Amino acid sequence: MFSMVTVASGMPSRIRRSIWLASAYFLPSFAEVDALAGAARDGVDVRLLVPSRNDHPWVHRATRRYYRRLLANGVRIWEWRGEMMHAKTSVVDGTWTRVGSTDFNPLGVAINYELDAYINDLAVAQEAEELFLLDLEQSREVKAPPRGA
């Protein structure tokens, strides 16, 4: 189920509790959207933090096209309200952390010369989760529109 997300982001393939992603340029493949939605349906706490505005306005519009499907499947989405968000981080299951320059999109994964650090350490993951939660305090949670809207 997580193979596309795993390949794209280096995430461990056996995710049980949580996937928290911050991505300045979130343009996943449809398979990655399906994997994140499936994880949320399976009870994984999937959270996504993206900018509320972007230096490339078309990126923000393109990112929003995924919202309905993700929200309908239980993925929680926040939009950063600060001046600039350029984060590219992941925290998985409170044990695994990724920090780097790779965006969650095909270019960031496949052809850009990007670099990430993958850290499997409880203390680092705990601190990354705390920082992620602080960022959510500076963000607005996106809610799914009411059914039939």
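Keep in mind it's a predicted model, so treat the numbers as computed, not measured.

Each value, and the rule that gives it
- Residues numbered from 1 in each chain as written.
- Predicted model: local features only at pLDDT ≥ 70, side-chain atom pairs only at ≥ 80, totals over all residues.
- Heavy atoms only, no water.
- pLDDT = per-residue confidence, 0-100.
- Contact = heavy atoms within 4.5 Å.
- Helix = DSSP H or I, 4+ residues; strand = E, 2+ residues; numbered from the N terminus.
- Expected span 1.5 Å × (residues − 1).
- Buried < 20%, exposed > 50% of the residue type's maximum accessible area, 1.4 Å probe, protein only.
- Core = buried A, V, L, I, M, F, W, Y, C linked by side-chain atoms within 4.5 Å.
- Phe/Tyr/Trp six-rings, centres within 6.5 Å; stacked < 30°, edge-to-face > 60°.
- Polar contact = N/O pair within 3.5 Å; in protein donor to acceptor, adjacent residues only side chain to side chain.
- Salt bridge = Lys/Arg side-chain N within 4 Å of Asp/Glu carboxyl O.
- Pairing = 2+ DSSP bridges.
- Axes fitted to C-alpha atoms, helices over the stretch in contact; angles between N-to-C directions.

In the predicted model, the chain carries a mean pLDDT of 84, and the fraction of residues at 70 or more is 83%. Within the model, pLDDT remains below 50 along residues 1-9, and this stretch shows 27 contacts once partners closer than five positions in the same chain are excluded.

Moving on, we get to helix α2 (residues 30-41). Here α2 is 12 residues long and its end C-alpha atoms lie 16 Å apart, about the 16 Å a rise of 1.5 Å per residue gives. Those residues of α2 not exposed but buried are E32, V33, A35, L36, A37, G38, A39 and A40.

This part covers the nonpolar core. Residues I19, F26, L36, V46, L48, L70 and I77 are the most contacted members of the largest nonpolar core, which totals 27 residues. Looking at this core, the elements that each hand over two or more residues are β1 (18-23), α2, β2 (45-51), α3 (57-64) and α4 (67-72). In terms of nonpolar packing, the next biggest core, distinct from the first, is built from eight residues, A22, L49, W80 and F132 among them.

Taken as a whole, this structure holds four aromatic pairs when the rule is applied. Geometrically, the ring pair formed by W20 and F132 is stacked, given 5.2 Å between the ring centres and 25° between the ring planes. Within this pair, whereas W20 is found in strand β1, its partner F132 is found in helix α6 (residues 122-137), the two being separated by 112 residues in sequence. For the residue pair W20 and F132, the accessibility class agrees, reading buried in each case. Ring centres 6.3 Å apart and planes at 80° place the aromatic pair F26 and Y66 in the edge-to-face group. Separated by 40 residues along the polypeptide, F26 in the loop between β1 and α2 and Y66 in the loop between α3 and α4 bring together distant segments of the chain. The pair F26 / Y66 is uniform in exposure class, with both members buried.

A few words on the side chain of T63. Looking at the element boundaries, T63 is found in helix α3. At a separation of 2.7 Å, a polar atom in the side chain of T63 contacts the main-chain carbonyl oxygen of F26. Here T63 is in contact with F26, L27 and V50, once residues within four sequence places are set aside.

Let us look at the pattern of salt bridges. This structure, assessed with the given rule, holds nine salt bridges. E79 serves as the salt-bridge partner of R64, at 2.8 Å between the closest nitrogen and oxygen. Residue R64 is found in helix α3, and its partner E79 is found in strand β3 (residues 76-80); the two are separated by 15 residues along the sequence. Connected through salt bridges with shared partners, the residues R64, E79 and R140 form a single ionic network.

Time to look at the sheet that holds β3. An order of β6-β5-β4-β1-β2-β3-β7 is seen for the seven strands of this open sheet, with the pairing classed as mixed. If you trace the sheet from one side to the other, it starts and ends with β6 (116-120) and β7 (139-142), each paired once. The sheet shows a mean angle of 15° between the axes of neighbouring strands, taken without regard to direction. Taken together, the five bridges between β1 and strand β4 (residues 88-92) define a ladder with antiparallel strand orientation. When the sheet's bridge partners are listed, S23 is paired in β4 with K88.

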